Amino acid sequence: TYEMLTDLNMSNNMIGSSGAHEIANALELTGPGGQNETLTRLNLASNGIGKEGAECIGEALELNYTLRDLDLSDNRIFDEGCAAIARGIRGSGVGGVGLGTALCCLTLNDSTVSIAETIHFIFSIRRIRTTFNLIDLGSICVCVGEKDCGDFLAKPLVHAIRHKFDFLALKLIELRNQRPVATDGDKILEASPEDDDAVDALHLLISIPRERYAEEDKLRLIDLMVGPKGQVGIHKKSVNVGWVLTPDGEVIQEGVHVEKIEDAWCCGMLRPHPTLFIPRVSTAASGGSGGAGDENSLSVLRDVVGADSGNIILRFKTTEPFGFAFQGDQPDDGLTIRTVRGGSQAQDLNVQPGWMLSTVAGKPVLTQGDVRRELRFATYGEDLP
């Protein structure tokens, strides 16, 4: 029996996979009614246990709830062994009843484990019921203390950027940019930064002081995230919809696919939004509606139909209020839509706050003064309601 054994250091003994198998048998006996309930620290570093030995240790960890400190560094366990350790920690609990692991200090610095598998490992141990005080993954990442480990597991990308674990940060950014193209069940959705981690990481890079992060390093990471022109991490998904309606509510097509924009970095207004176009509508020349006014509108629609992808062309009646308000109310203020009034044309046309008006009657506009001027031209000087 091992009633008094609390700390076992077997490092640098080259016990190999067979020795790891014997250690695993002892670990499995740890627990109520077993031969050892006291072992809390185990150091198996530099023993060449390989992936087979790691698989044995991983299986033993599922049946152990007393071990608090484990060092498996430099054992050439490869990706398969790392995955086995992750399964063991994640599935820990005596007899599978889910009592949970006591493990709080973990050292797994092994050059044979790929960065991809290391990231899978990180996202696996995020889900277990324990509080880590040490996570040592060698050159990939080292966290010391309960708060440091907790922050890392909560938001790995933010932590990697803040503490300049550059290699890990680069790989996590790459994985995040792949999320928009992932489908349900894709493993990348389980092992890549989530929305709050991505948003906070981008904001951190923008706001972190220059003395803590060189400007060129910040710009390099931001370029990897969103691209120098804001084009990276955006993916168009084809989404099936039941029907497409005209602004008047008429069904023009059923069972169609429309494009939906997925943004890996949730940039909101930092990304291009759909642009609203108001085509020319002449009430003076046409006597209110129909005739020349409709033809004029159609010709302008044909002129702007080649607008940039993602833009929206909508037709408003100039005989009724449009029903949206811009942010600010000065002539030089911009054209981002702040509110949409209920029951208005804008609501009927599904205009959304945050959209930006860029064209009136085929003419580009930049300010609210431009809009007023072009609307008067579009209606031949007639005052709008």
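Everything that follows concerns the structure shown earlier in this document.
Criteria and thresholds
- Residues numbered from 1 in each chain as written.
- Predicted model: local features only at pLDDT ≥ 70, side-chain atom pairs only at ≥ 80, totals over all residues.
- Heavy atoms only, no water.
- Helix = DSSP H or I, 4+ residues; strand = E, 2+ residues; numbered from the N terminus.
- Contact = heavy atoms within 4.5 Å.
- Axes fitted to C-alpha atoms, helices over the stretch in contact; angles between N-to-C directions.
- Parallel < 35°, antiparallel > 145°, perpendicular 65-115°, else oblique.
- Nonpolar A, V, L, I, M, F, W, Y, C, P; charged D, E, K, R; others polar.
- Phe/Tyr/Trp six-rings, centres within 6.5 Å; stacked < 30°, edge-to-face > 60°.
- Buried < 20%, exposed > 50% of the residue type's maximum accessible area, 1.4 Å probe, protein only.
- Pairing = 2+ DSSP bridges.
- Core = buried A, V, L, I, M, F, W, Y, C linked by side-chain atoms within 4.5 Å.
- Expected span 1.5 Å × (residues − 1).

1. Focus on the environment of Leu137
- Its place among the elements puts Leu137 in the loop between strand 5 (134-136) and strand 6 (142-144).
- Remark: the alpha-carbon pair of Leu137 and Ser111, spanning 26 residues in sequence, is separated by 9.8 Å.
- Beyond its immediate sequence surroundings of up to four residues, Leu137 is in contact with Leu108, Asn109, Thr118, Phe121 and Ile122.

2. A few points about the packing of helix 2 (residues 50-61) against helix 3 (residues 78-90)
- In contact at an axis separation of 7 Å, helix 2 and helix 3 are set at 5° when each is read in the N-to-C sense. Considering their axes alone, helix 2 and helix 3 lie roughly parallel with respect to each other. Residues Lys51, Ala54, Glu55, Ile57, Gly58 and Leu61 of helix 2 pack against Glu80, Gly81, Ala84, Ile85, Gly88 and Ile89 of helix 3.
- Partitioning the contact of helix 2 with helix 3 into residue classes produces six nonpolar, three polar and three charged.

3. Remarks on the packing of aromatic side chains
- Taken as a whole and judged by the stated rule, the model has four aromatic pairs.
- For the pair Phe316 and Phe322, a centre-to-centre distance of 5.1 Å together with 65° between the ring planes defines the contact as edge-to-face.
- Classification of Phe316 by relative accessible area gives buried; the value is 0%.
- The class of Phe322 is buried, set by a relative accessible area of 13%.
- Judged by centre distance (5.9 Å) and plane angle (75°), the ring pair of Phe316 and Phe324 falls under edge-to-face. When sorted by exposure, Phe316 lands in the same class as Phe324, which is buried.
- Taken together through their ring pairs, the aromatic side chains of Phe316, Phe322, Phe324 and Phe326 make up a single cluster.

4. Re the sheet that holds strand 6
- Spatial strand order, 1-2-3-4-5-6: six strands in an open sheet with mixed pairing. At either end of the open sheet lies a strand with only one pairing partner, and these are strand 1 (7-9) and strand 6. Averaged over all neighbouring strand pairs, the angle between strand axes comes to 5°, with direction disregarded.
- As defined by bridge partners, strand 4 (residues 105-107) adjoins strand 5 across three bridges and the pair is classed as parallel. By the bridge assignment for strand 5, Leu106 is matched with Ile135.

5. Considerations on the environment of Gln231
- In this fold, Gln231 is placed in the loop between helix 9 (215-226) and strand 7 (234-245).
- Judged by relative accessible area, which is 45%, Gln231 ranks as partly exposed.

6. Some points on the nonpolar core
- In this structure, Ile57, Phe121, Ile161, Leu168, Met225 and Trp265 are the most contacted members of the largest nonpolar core, which totals 69 residues.
- With six residues, the single largest contributor to this core is helix 4 (residues 115-125).

7. A look at unusual backbone geometry
- Here Lys164, not a glycine, exhibits a phi torsion of approximately 60°, which is positive.
- Here Lys164 lies in the loop between helix 6 (156-162) and helix 7 (166-178).
- A positive phi angle, near 65°, is found at Asn350, a position not held by glycine.
- By the secondary structure assignment, Asn350 is in the loop between helix 12 (345-348) and strand 13 (356-360).

8. Notes on the packing of helix 3 against helix 4
- For the pair helix 3 and helix 4, interaxial distance at closest approach is 10 Å and the crossing angle is 0°. With respect to helix 4, the element helix 3 is oriented roughly parallel. Counting all contacts with helix 3, which are made through Asp79, Cys82, Ala83, Ile85, Ala86, Ile89 and Arg90, the residues of helix 4 involved are Glu117, Phe121 and Ser124.
- Across the contact of helix 3 with helix 4, the residue classes break down as six nonpolar, one polar and three charged.

9. Some remarks on helix 3
- Relative to the 18 Å expected for 13 residues at 1.5 Å per residue, helix 3 spans 19 Å between its end C-alpha atoms, a close match to the ideal helical length.
- Within helix 3, burial applies to Gly81, Cys82, Ala83, Ala84, Ile85, Ala86, Gly88 and Ile89.

10. Quick notes on the side chain of Ser124
- Turning to its location among the elements, Ser124 is positioned in helix 4.
- With near-sequence residues (within four places) excluded, Ser124 lies in contact with Ala86 and Arg90.

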